[in-house]
Each structure stands twice: as C-alpha cells, then as structure tokens.
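Report on the structure
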Amino acid sequence: MKVTFEDGNTLTFTNGDGSEDIEDTTDIINVIYWLSAFAAPRVYRTFSRVPPREHILRLLDVYTAYVARGAHHMAPQFQPVHYERRLPLAIRLRELFASWAPPELPQEVIEISRALMEHEGIKPPACGWDAYEDPEEGGIKLEDALLWPEGVPAILKGQWPPKQGRA
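Right, let's walk through the structure included here. Because the structure is predicted, anything quoted here is derived from the model rather than measured.

1. With respect to empty space enclosed by the protein
For the structure shown, the criterion picks out one cavity of 30 Å³ or more. Reported here for the largest cavity is a volume of approximately 40 Å³. Around the largest cavity sit Val31, Trp34, Leu35, Phe38, Ile56, Leu59 and Leu60, which together line it. Sorting the residues of the lining of the largest cavity by element identifies helix 1 (25-39) and helix 3 (53-68) as the ones contributing at least two each. Taken together, the residues that form the lining of the largest cavity break down as seven nonpolar, no polar and no charged.

2. Some thoughts on the packing of helix 1 against helix 5 (residues 107-119)
Taken N-terminus to C-terminus, the directions of helix 1 and helix 5 make an angle of 130 degrees; their axes are 8 Å apart at the nearest point. Here helix 1 lies oblique to helix 5, going by the angle between them. For the pair helix 1 and helix 5, the sense of crossing is left-handed. Contact with helix 1, carried on its side by Ile32, Leu35, Ser36, Phe38 and Ala39, involves Val109, Ile110, Ser113, Arg114, Leu116 and Met117 of helix 5 and no other residues of that element. A breakdown of the residues in the contact of helix 1 with helix 5 according to their chemical character gives eight nonpolar, two polar and one charged.

3. Quick word on unusual backbone geometry
Peptide bonds are trans in most cases, and residues, glycine excluded, mostly fall at negative phi. With omega at -10 degrees, the peptide bond leading from Gln79 into Pro80 counts as cis. By the element assignment, Pro80 lies in the loop between helix 3 and helix 4 (86-98). The omega angle of the peptide bond from Pro102 to Pro103 is 10 degrees, so this bond is cis rather than trans. Its location among the elements puts Pro103 in the loop between helix 4 and helix 5.

4. A few points about the packing of aromatic side chains
Counting across every chain of the model gives 10 aromatic pairs. An angle of 80 degrees between the planes, with centres 5.9 Å apart, marks the rings of Trp129 and Tyr132 as edge-to-face. Overall, the relative accessible area of 22% leaves Tyr132 in the partly exposed class. Cation over ring: Arg49 sits above Trp148, and NZ or CZ is 3.7 Å from the ring centre.

Criteria and cut-off values
- Residues numbered from 1 in each chain as written.
- Predicted model: local features only at pLDDT ≥ 70, side-chain atom pairs only at ≥ 80, totals over all residues.
- Heavy atoms only, no water.
- 1 Å grid on protein atoms, 1.4 Å probe; cavity = no way out; pocket = protein on both sides within 12 Å on 5 of 7 lines; lining within 4 Å.
- Points joined across faces, edges and corners; volume = space filled by probe spheres on them.
- Helix = DSSP H or I, 4+ residues; strand = E, 2+ residues; numbered from the N terminus.
- Nonpolar A, V, L, I, M, F, W, Y, C, P; charged D, E, K, R; others polar.
- Axes fitted to C-alpha atoms, helices over the stretch in contact; angles between N-to-C directions.
- Parallel < 35°, antiparallel > 145°, perpendicular 65-115°, else oblique.
- Left-handed = near helix turned anticlockwise from the far one by under 90°.
- Contact = heavy atoms within 4.5 Å.
- Phe/Tyr/Trp six-rings, centres within 6.5 Å; stacked < 30°, edge-to-face > 60°.
- Buried < 20%, exposed > 50% of the residue type's maximum accessible area, 1.4 Å probe, protein only.
- Lys NZ or Arg CZ within 6 Å of the ring centre and 35° of its normal.

This is the structure:
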C-alpha cells in the first residue's frame, strides 16, 4: 500500500496498481487517533481546544458504518480480538457525544473509548491509559496529529510528512 498527499491535507491510500485500497481507511485511522485521545484523559486535558461535537459525530458515523459491516483495517497487536463487540459500543459512544457538554469527557466516554481500542486489537500503553502522557513524536503533539474540521494541523503547518533530510 502507498500513501500519497493529494494536497497539503489529504491522504490517499492506493495499491501498487494505483487503485484506491480502502475508501474509508483515512477516516478510520482518524477515529482511532481520537479514541486514543479520549481513552487517555491526561492527554486530552492538555489540548488547547475542544473538538466540535458535530465533527466527532461525523467521525463516529463513519466508524459505526465501518464496524457494522464487520471491517477491520489494522493488524491486531494481540489475539483474540473481539471485533463483534464494537458495534454496540460505537452506537453508545455516539449517543454520549450527541448529548455531550464540553469540555470534560464523561467517564463512560473514556471507558468506551478504551474498550473500542481493545476491540480494534490495540494494546493499551504499558503505563496504562490513566498515566499515559502525550506521545509527542518528532515534535508533533497528538493534538496536532488529529483530524480537526479544518484538517490535520501538523499537515497544515508543513510538519508532516517528515521531509527527507529534516533533522
């Protein structure tokens, strides 16, 4: 699979023959990033802004459709993975966000986000979700790696993808 940037903000996933691999891969990756932020309250509380409810609801709609058809795009980090448990959790998470009063995350949002990460086959951090700090990589904070309504800040700022030869 090859990742290309159509513009400064759009990722396209293609096969070697140029055909699109999975149409919603980018959205699902973005939802997983958001779930990791919601699962780690210490990380979420460092954000300088709150995601708009409508934005999160749109991503959760895409995610719910993805899990409803039984899809999974990532190689699991452990076995067995209970993919079948995602749909009721995704539906409940969407219900919670539909009535969400920002900025604080209800405990149930945190717990469901953690459960969805597990049911995607993603291990929790070694230190646990409650102790997890911002996994800043290459000088990019998680907040800037997430998809916001205007795009991914790290991409918009030209910080990602890393340039060849950049120190």
